[in-house]
Amino acid sequence: MTRRKKIIIGALILTLAVAVGIGATVVYGPKGSWARGFPPGFHHMGCPSGPHGEDIADFIIWKMDRHVKELNLNDAQKKEYEKSKEEIRAGIADAIQKRREFRSIVHEEMDKESPDMNALADLIKERAQHIPDMVSKPIDLFVNFYNLLDENQKAKMVEMFRQRMGPAQQHS
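(A) Quick peek at the overall build of the chain. When helices and strands are counted, the chain shows six helices and zero strands. Along the chain direction, N to C, the helices and strands of the chain fall in the order α-α-α-α-α-α. Contacts in the chain between residues far apart in sequence, at least 24 positions, make up 49% of those at least 6 positions apart. For the chain, the accessible surface area stands at approximately 14000 Å², while carbon and sulfur atoms represent 60% of it.

Encoded structure:
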């Protein structure tokens, strides 16, 4: 086969692949968009969309346990880790409950004939003031746990973070 024929066949295969990719995107995207997302059955095959409810706490703790297992904690460290896990579980349960209450209030107001947008804005602003606490508490739990580790365990933890972050990029 000549080089010219190889190039033509390669171009045809590439064109076909691009056409199939664009076609699939058009078929499965939202109306009015050529980038529609995944087919309806996709989310029922182990890939749920949206918030995960109470299951998210179990998932987060499962992920933590997988990584903490590599640290070979002593009994005192295990005890503190278990306390941290319970605080995380309770914090997530509390956040889920507050979110449900908030959504209920918003839906209640929006279902009115004439919703009070100023009251909703005030409610949202009030809720937004709690975000720093929601973010800082897990960070404090992590730092407390990290400070319990010996130097070897800390080095392993730092290496885990470096692997998850990937290589540093140079900025010019």
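(B) Summary view of the nonpolar core. One finds Val 68, Leu 71, Leu 73, Tyr 81, Phe 145, Leu 149, Met 157 and Met 160 forming the largest nonpolar core, which totals eight residues. Those residues within four positions of Leu 71 in sequence are excluded, and the remaining contacts are Phe 145, Leu 149, Gln 153, Lys 156, Met 157 and Met 160. Counting residues in each nonpolar core, the second largest holds five residues, with Ala 57, Ile 88, Ile 92 and Ile 96 among its members.

(C) Main features of the environment of Glu 70. Structurally, Glu 70 can be placed in the loop between helix H2 (55–68) and helix H3 (75–110). Exposure remark for Glu 70: the relative accessible area of 46% places this residue in the partly exposed category. In sequence terms Glu 70 and Gln 153 are 83 residues apart; their C-alpha atoms lie 8.8 Å from each other. Setting aside anything within four residues of it in sequence, one finds Glu 70 in contact with Lys 156 and Met 160.

(D) Geometry of the packing of H3 against helix H5 (residues 131–148). Relative to each other, H3 and H5 sit at 175°, their axes nearing to 10 Å. It follows that H3 is roughly antiparallel to H5 by the angle criterion. From H3, Gln 77, Glu 80, Tyr 81, Ser 84, Glu 87 and Ile 88 reach across to H5, where they touch Lys 137, Leu 141, Phe 145 and Leu 148. For the contact of H3 with H5, the per-class residue count stands at five nonpolar, two polar and three charged.

(E) Examining the packing of aromatic side chains more closely. With the rule as written, the count across this model stands at four aromatic pairs. Arranged with centres 5.5 Å apart and planes meeting at 45°, the rings of Tyr 81 and Phe 145 form a pair that is tilted. With Tyr 81 in helix H3 and Phe 145 in helix H5, this residue pair connects regions lying 64 residues apart in the sequence. Each member of the pair Tyr 81 and Phe 145 is classed as buried.

(F) Structural detail: unusual backbone geometry. With a phi angle near 50°, Asn 72 is a residue other than glycine that sits in the positive phi range. With respect to the helices, strands and loops of the structure, Asn 72 is situated in the loop between H2 and H3.

What counts, and where the lines are drawn
Residues numbered from 1 in each chain as written. Predicted model: local features only at pLDDT ≥ 70, side-chain atom pairs only at ≥ 80, totals over all residues. Heavy atoms only, no water. Helix = DSSP H or I, 4+ residues; strand = E, 2+ residues; numbered from the N terminus. Contact = heavy atoms within 4.5 Å. Areas by Shrake-Rupley, 256 points an atom, 1.4 Å probe, with all protein chains shown as cover. Core = buried A, V, L, I, M, F, W, Y, C linked by side-chain atoms within 4.5 Å. Buried < 20%, exposed > 50% of the residue type's maximum accessible area, 1.4 Å probe, protein only. Axes fitted to C-alpha atoms, helices over the stretch in contact; angles between N-to-C directions. Parallel < 35°, antiparallel > 145°, perpendicular 65-115°, else oblique. Nonpolar A, V, L, I, M, F, W, Y, C, P; charged D, E, K, R; others polar. Phe/Tyr/Trp six-rings, centres within 6.5 Å; stacked < 30°, edge-to-face > 60°.

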